[in-house]
Amino acid sequence: MNQQVLQQSLSALMDNEADELELRRVLKASDEPEVRAAWTRYQVARTAMHNETAFASVDLSARIMAAIDAEPALSAAASTSGAAIESVGTHKTRSMPWLGRVAVAASVTLAVLGGVRFYNQDAVQQDALVVQSEQRLPAASPAQSSVVLASYNAQGQSAPMAEVTSGSNLWYERRLPSYLRQHAQQSSVNKTEVGLPYARAASLEGQ
Amino acid sequence: MRLTARCSVFFLWAALGSSAYAAQSANQWLQRLHVAQDTQGYQGAFVYERKGAFSTHQIWRQINAEKQVVERFLQLNGPAHEVMRIDGHVTCMSGAIANALSLADVWPVQSFDVQQLQKWYEIRELGESRVAGRNTVALLFAPRDQHRYPLELHLDEVTAIPLKTLLLNEHGELLERFQFVQFNADRDNNLRVSTTPSIAPSADCQTVSAISSMSDIELDVDWTVSWVPPGFTLINSHYRPSEDGVNNVLSQVYSDGLAHFSIFFERVDDYDVESGRRQLGPTAVVSRRVVNDTQQVMVTVLGEIPIGTAERVALSMQFGSGDGDD
């Protein structure tokens, strides 16, 4: 029963519809391997359903947790908050600093795991040229791109591109925009698409 | 038993009848569209979306006293790109869009030949839909070969004006979206012409004569491609200096009536460029460096066609019978 409720909360969180209670429930259980596995599974399923680029199933939480542990400022803050709580009540004194830290770590984990997807989307939006070409290039296998994570995404994908075309970059940068514009403007207009060629041409300006 | 037989005959008849009806109905819609585009005035706002771009635009369209179609486009977000078109000819353009291109060539009007289109696309009616608060009919242009993309067209039930156009790839994924969010059709055009103020461009819209247009120079090269996908015909060819004036560029535009691709040929003796492929939203770009004894030419095929097809066109580039001339 409890497990089922948890799964529902997890699902709600993924759909960005979790309320405060559900969020707490998930965060509380976020140390359990089953929950983490379920979260990853949901993400993969969601990625597949949205036809997006492969989802990287890398869990950074351990390293982030370690980094947070190593952070002196945060542990100091945690202990002071613990001290503050101690003065208020005696019941929660032991669990609170620990829970606070786990909550921070867990929320970061969730943010990172979720963020991969959102960031990916942004990167695709902003850098359609590079990302798209990478997807289509035979050299870039899906396995390679799937280990590229979060903020490394844009750089990681553009780097090999830059290597491949370093000599050609200048030529491409100078020619491609002009070619694209000319193509958009020279395309003929037929009855089915009155505004489309114009919108295409306009969208290429200032890129 | 007899009932079953009768039922199956009925369903067979219904299935055959409905498919024939669907094809006929799609044709009727296309005929209506054909007429509507010359006679229907409207005003509306639409969105344009592809990977890496999302923009909003306003369109005004009127039929003037001389029965000419007057159109004005204005981008609503970001830079206020503007274009005026009268009777299919661009009369003014905002400076940002206008470039060295000769404006006489911008968006040439192509006749809409349903018969020709049906050779390369199967046109089906998908059903009813709703766009911009209006009832629409969805038509699918399904390609008959792998050299073009499917297109989904949603026509307004009242006016037969396309309110939504979706370009899909071979996997049915969305490549490009054009969709009205608000649409007002003129009821009676003759009436509207007299009552509504005529469409006027803004001060930023440069008239065509003010923009330097570039004329062709004499063709002194023999670059050509030996293969284009069936159904694509040459609609435009120019040989002009490039924008930076370094080299001359031969550009050709091909179309099958719906899809377009352009081929650009340019000498690249001075550059160290390599062949490459890119996909920019709906547009495939394939560049290939072709070398013969005397020259190195970069051929770039660019268009809303599958990248494999673009590649095949680029691979078929060859020097004509004469072997270069310099």
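Anything mentioned here points back to the structure above.
Quick caveat, the model's predicted, so the values are computed rather than measured.

Calculation notes
Residues take numbers from 1 onward in each chain, read along the sequence in its written order. Chains carry letters and ligands carry numbers; both start at the beginning, A for chains and 1 for ligands, and go up in the order they are written. Reporting in this predicted model follows two pLDDT cut-offs: at least 70 for local features of residues, and 80 or more for side-chain atom pairs to be given and counted; totals over whole chains, interfaces and linings ignore these cut-offs and use all residues. The basis for the side-chain values is all heavy atoms of the structure; hydrogens and waters are excluded. Secondary structure follows DSSP: runs of H or I at least 4 residues long count as helices, runs of E at least 2 residues long count as strands, and numbering of each begins at the N terminus. Each residue is assigned to one of three classes by its accessible area relative to the maximum for its type, calculated with a 1.4 Å probe on protein chains only: buried under 20%, partly exposed between the two thresholds, exposed over 50%. By the convention used here, residues are in contact when the closest approach between their heavy atoms is within 4.5 Å. The accessible surface values rely on the Shrake-Rupley method and a 1.4 Å probe; as for residues, cover is taken only from the protein chains in view. The rule for pairing is simple: two strands pair if DSSP sees at least two bridges between them. Lines fitted to the C-alpha atoms define the axes, with helices restricted to the stretch that makes contact. Angles between their N-to-C directions range from 0 to 180 degrees. Classification of ring pairs uses Phe, Tyr and Trp, with its six-membered ring standing for Trp, and accepts pairs whose centres are within 6.5 Å; under 30 degrees between planes counts as stacked, over 60 as edge-to-face, and the remaining range as tilted. Each ring is checked for a lysine NZ or an arginine CZ that lies within 6 Å of its centre and within 35 degrees of its normal; such an atom marks a charge sitting over the ring. As used in this record, nonpolar core signifies buried Ala, Val, Leu, Ile, Met, Phe, Trp, Tyr and Cys residues forming a set joined through side-chain atoms within 4.5 Å. Here the arc refers to the directions that run from the helix axis out to each C-beta atom. The working definition used for a salt bridge is a side-chain nitrogen of Lys or Arg within 4 Å of a carboxyl oxygen of Asp or Glu. In protein, a polar contact requires one atom able to donate a hydrogen and another able to accept it; more generally it is a pair of N or O atoms within 3.5 Å, and residues adjacent in sequence count only if both atoms are side-chain atoms.

**Describing the overall build of chain B**
- Scanning chain B for helices and strands turns up 4 helices and 19 strands.
- Expressed as a percentage of its 326 residues, the buried residues of chain B come to 51%.
- Within chain B, counting contacts between residues at least 6 apart in sequence, those at least 24 apart form 51% of the total.
- For chain B, the computed accessible surface area is about 15000 Å², with 53% contributed by carbon and sulfur atoms.

**Re the sheet that holds strand β8 (residues 151–156) of chain B**
- Strand order in the open sheet made by the 11 strands is β6-β7-β8-β9-β10-β1-β2-β3-β4-β5-β11 (chain B), with antiparallel pairing throughout. Edge positions in the sheet fall to β6 (121–131) and β11 (205–207) of chain B, since each of these pairs with one other strand and no more. Along the sheet, successive strands turn relative to each other by an average axial angle of 20°, direction set aside.
- Bridge count for strand β3 (residues 69–75) of chain B against strand β4 (residues 82–86) of chain B is 5 bridges, and the pairing is antiparallel. When the bridges of β4(B) are listed, Arg72(B) appears paired with Met84(B).
- Seen against the sheet, helix α11 (residues 196–203) of chain A touches β1 (42–50), β2 (53–63), β3, β4, β9 (162–168) and β10 (174–185) of chain B and runs at an angle of roughly 50° to β1(B).

**So, the packing of aromatic side chains**
All names here are of chain B.
- Applying the stated rule across the entire model yields 12 aromatic pairs over all chains.
- An angle of 80° between the planes, with centres 6.1 Å apart, marks the rings of Tyr 42 and Phe 180 as edge-to-face. Here Phe 180 lies in strand β10 and Tyr 42 lies in strand β1, a separation of 138 residues in the sequence. The same class applies to Tyr 42 as to Phe 180, namely buried.
- Measuring from centroid to centroid gives 4.5 Å for Phe 46 and Phe 178, while their planes differ by 45°, and the two rings are tilted. Here the residue Phe 46 occupies a position in strand β1, and Phe 178 occupies one in strand β10, the gap between them amounting to 132 residues. Considered together, Phe 46 and Phe 178 belong to a single accessibility category, that of buried residues.
- Taken together through their ring pairs, the aromatic side chains of Tyr 42, Phe 46, Phe 178, Phe 180 and Phe 183 make up a single cluster.
- Here the basic side chain of Arg 72 rests over the ring of Trp 60, its NZ or CZ set 4.7 Å away from the ring centre.
- In this structure, Arg 312 packs its charged tip against the face of Trp 227, placed 3.8 Å from the ring centre.

**Topic: the nonpolar core**
- In terms of nonpolar packing, the biggest core is built from 85 residues, with Leu139(B), Phe141(B), Trp223(B), Ile263(B), Phe265(B) and Met317(B) touching the most fellow members.
- Element by element, the count of residues in this core is highest for helix α10 (residues 169–186) of chain A, at 6 residues.
- In this view, Ile263(B) contacts Val225(B), Leu250(B), Ser251(B), Gln252(B), Tyr254(B), Val299(B), Thr300(B), Val301(B) and Val313(B); residues no more than four positions away in its chain are not counted.

**Quick notes on the pairing of β1(B)**
All names here are of chain B.
- Counting buried positions along β1 yields 7 of 9 residues, so the element is predominantly enclosed.
- As paired strands, β1 and β2 are joined by 9 bridges and run antiparallel to one another. Paired with Gln 43 across the strands is Trp 60, a residue of β2.
- Hairpin connection from β1 to β2: 2 residues lie between these consecutive antiparallel strands, with Gly 52 at a positive phi of about 90°.
- Pairing analysis gives 9 bridges linking β1 to β10, with the strands arranged antiparallel. What sits directly across from Glu 49, in β10, is Arg 177.

**Points about the sheet that holds strand β17 (residues 283–291) of chain B**
Residue and element names in this part refer to chain B.
- Here we have 6 strands laid out as an open sheet, ordered β13-β14-β15-β18-β17-β16, and antiparallel in their pairing. What marks the edges here is a single partner per strand, and that holds for β13 (233–241) and β16 (276–280). Sheet twist, expressed as the mean angle between neighbouring strand axes with direction ignored, is 15°.
- By the bridge criterion, 7 bridges tie strand β14 (residues 248–255) to strand β15 (residues 260–267) in an arrangement that is antiparallel. What sits directly across from Tyr 254, in β15, is Phe 261.
- Sheet strands touched by helix α4 (residues 307–315): β15, β16, β17 and β18 (296–303). Its angle to β17, the strand with the most contacts, is close to 20°.

**Here we look at the pairing of β8(B)**
Residue and element names in this part refer to chain B.
- The buried fraction of β8 is high, at 6 of 6 residues.
- Alignment of strand β7 (residues 134–143) against β8, held across 6 bridges, turns out to be antiparallel. Note on β8: the bridge partner recorded for Thr 136 is Asp 156.
- Of the strand pairs in this sheet, β8 and β9 are connected by 5 bridges, and their pairing is antiparallel. Within the sheet, the bridge partner assigned to Leu 155 lies in β9 and is Pro 162.
- Where β8 folds back onto β9 in an antiparallel hairpin, the turn is made up of 5 residues, including Ala 160, whose phi is positive at roughly 65°.

**Some words on α4(B)**
- Those residues of α4(B) that fall on the buried side of the exposure criterion are Ile307(B), Thr309(B), Ala310(B), Val313(B) and Ala314(B). Each buried residue of α4(B) lies within a common arc of 160° when the element is viewed along its axis, so the set occupies one face.

**Description of the pattern of salt bridges**
- Enumeration over the complete set of coordinates arrives at 12 salt bridges over all chains.
- Linking Arg61(B) and Glu71(B) is a salt bridge whose minimum nitrogen-to-oxygen distance equals 3.0 Å. With Arg61(B) in strand β2 and Glu71(B) in strand β3, this pair connects stretches of sequence that are 10 residues apart. Judged on exposure class, the residue Arg61(B) and its partner Glu71(B) are both buried.
- Asp256(B) serves as the salt-bridge partner of Arg148(B), at 2.9 Å between the closest nitrogen and oxygen. Here Asp256(B) lies in the loop between β14 and β15 and Arg148(B) lies in the loop between β7 and β8, a separation of 108 residues in the sequence. In this pair, the class of Arg148(B) matches that of Asp256(B), namely buried.
- Residues joined by salt bridges that share partners form a network here, namely Arg200(A), Glu176(B) and Glu304(B).

**Some remarks on the side chain of Gln295(B)**
- Following the sequence through the fold, Gln295(B) ends up in the loop between β17 and β18.
- Here the side chain of Gln295(B) touches Trp223(B) through a polar contact of 3.3 Å, side chain to side chain.

These figures come from the coordinates and say nothing about function on their own.
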